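Given next are the chains, with one letter for each unit.
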Amino acid sequence: MRKDYIISSHDTVDETAFVERYWTEMWDKVADRGQHARKIENTEEYRAIETYIRQLPASAKLLDGGCGLGDFVVYFHDRGFQSLGYDISRKTISLLQQRFPGVAFQDGDIRKTGLPDADVDAYYSWGVFEHFENGMKDCVTEAYRVLKPGGYLFITVPFDNIRQSLRAAFEAPKPFDKRSRFYQWRFTRAELAREIEACGFKLDRLQPLSKREGLLRSFMHDFGLPGHWLLTRGASRALAPIMPGALIGHMLLAVARKPLN
Ligand SMILES: C[S@@+](CC[C@H](N)C(=O)[O-])C[C@H]1O[C@@H](n2cnc3c(N)ncnc32)[C@H](O)[C@@H]1O
């Protein structure tokens, strides 16, 4: 597992408080710019789990752990599922509750949800379990508890792909910056499998996602090309489909099942 750091002007020492503040500010900006409306069926995450979702009963309960702006939650609600969005950002959840009064949103920490045991049929979480320096065990353990036997866990976390490993091996150490703080973990396939299986899940699938984003980051960080250039974006879009996920996938998806007994 590899750590990523960010430079932060926040002087908050408490990690949970930092995560909440960081994402609240992020969602404030994105919501202001009105950029949050993703078409869910077109997302790589949805396409990767679609076959599992189609097998769920019509009354299934789905939990989004770390729902951000809640677009998946609203989508599953509109499809008739019992859909619950859960996020640590109180302000974001409060805005979502006002904007979508018929949809269930709850604020809190996914490491301690307070939901009953065996409450949900499927638990999905995109880009959340990696944000705590002591690891993802508390997130996975809680997911296991709230899932019904036979229920599915779908998560994505940052992928420690081949490009990242090579970069880390050859990169000169960065000068110490006292504003730098832990941001997230990055996982290889084997590391993510281990984390999930250690909590009792049976792993069904691991799959690199977000090749276009991974290639864009390579152009920016390995070749110094500005990410907003049309050329950089166009090349990422054109070349990503023919490149291996193991090399440039930005995220890693895991699908796992809680055993029936
Ligand atoms: C990278 S964003 C992903 C948001 C959303 N899943 C998406 O794909 O757009 C991480 C989200 O997880 C939330 N989060 C981080 N740690 C959390 C925790 N322990 N409990 C609940 N939410 C958390 C953040 O507030 C943020 O909304």
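Above: the structure in question.
Being a predicted model, the structure only gives us computed values, none of them experimental.

About the thresholds
Residues numbered from 1 in each chain as written. Predicted model: local features only at pLDDT ≥ 70, side-chain atom pairs only at ≥ 80, totals over all residues. Heavy atoms only, no water. Helix = DSSP H or I, 4+ residues; strand = E, 2+ residues; numbered from the N terminus. Rg over C-alpha atoms; globule rule 2.2 N^0.38 Å. Buried < 20%, exposed > 50% of the residue type's maximum accessible area, 1.4 Å probe, protein only. Contact = heavy atoms within 4.5 Å. Salt bridge = Lys/Arg side-chain N within 4 Å of Asp/Glu carboxyl O. Phe/Tyr/Trp six-rings, centres within 6.5 Å; stacked < 30°, edge-to-face > 60°. Lys NZ or Arg CZ within 6 Å of the ring centre and 35° of its normal.

(A) The arrangement of the overall build of the protein chain in detail. Along the backbone of the protein chain there are 10 helices and nine strands. By the compact-globule yardstick of 18 Å for 261 residues, the protein chain fits well, its C-alpha radius of gyration being 18 Å. Counting only C-alpha atoms and orienting by the principal axes, one finds that the protein chain spans roughly 50 × 35 × 35 Å. Going through the 261 residues of the protein chain one by one, you find that 51% of them count as buried. For the protein chain, the proportion of contacts with a sequence separation of at least 24, taken over those separated by at least 6, is 76%.

(B) Quick look at the pattern of salt bridges. In total, this model carries 15 salt bridges according to the counting rule given. Arginine 54 serves as the salt-bridge partner of glutamate 50, at 3.7 Å between the closest nitrogen and oxygen. Pair noted here: glutamate 50 and arginine 54 are both in helix α2 (residues 44–54), with a separation of four residues, about one helical turn. Residue classification places glutamate 50 among the partly exposed residues on the basis of a relative accessible area of 25%. For arginine 54, a relative accessible area of 56% puts it in the exposed group. One salt bridge connects aspartate 109 with arginine 111, and the closest N-O pair in it is separated by 2.7 Å. The class for aspartate 109 is buried, based on a relative accessible area of 19%. The buried category is assigned to arginine 111, whose relative accessible area is 18%.

(C) Up close: the packing of aromatic side chains. Within the structure shown, the criterion is met by 21 aromatic pairs. Judged by centre distance (5.7 Å) and plane angle (65°), the ring pair of phenylalanine 72 and tryptophan 126 falls under edge-to-face. In this pair, phenylalanine 72 is assigned in helix α3 (residues 71–78) and tryptophan 126 in strand β5 (residues 120–126), connecting sequence segments 54 residues apart. Across the pair, exposure class does not vary: phenylalanine 72 and tryptophan 126 are buried alike. Looking at arginine 111, its charged tip hangs above the ring of phenylalanine 132, at a distance of 3.6 Å from the centre. The lysine or arginine in question, arginine 181, covers the ring of phenylalanine 18, its NZ or CZ lying 3.9 Å from the ring centre.

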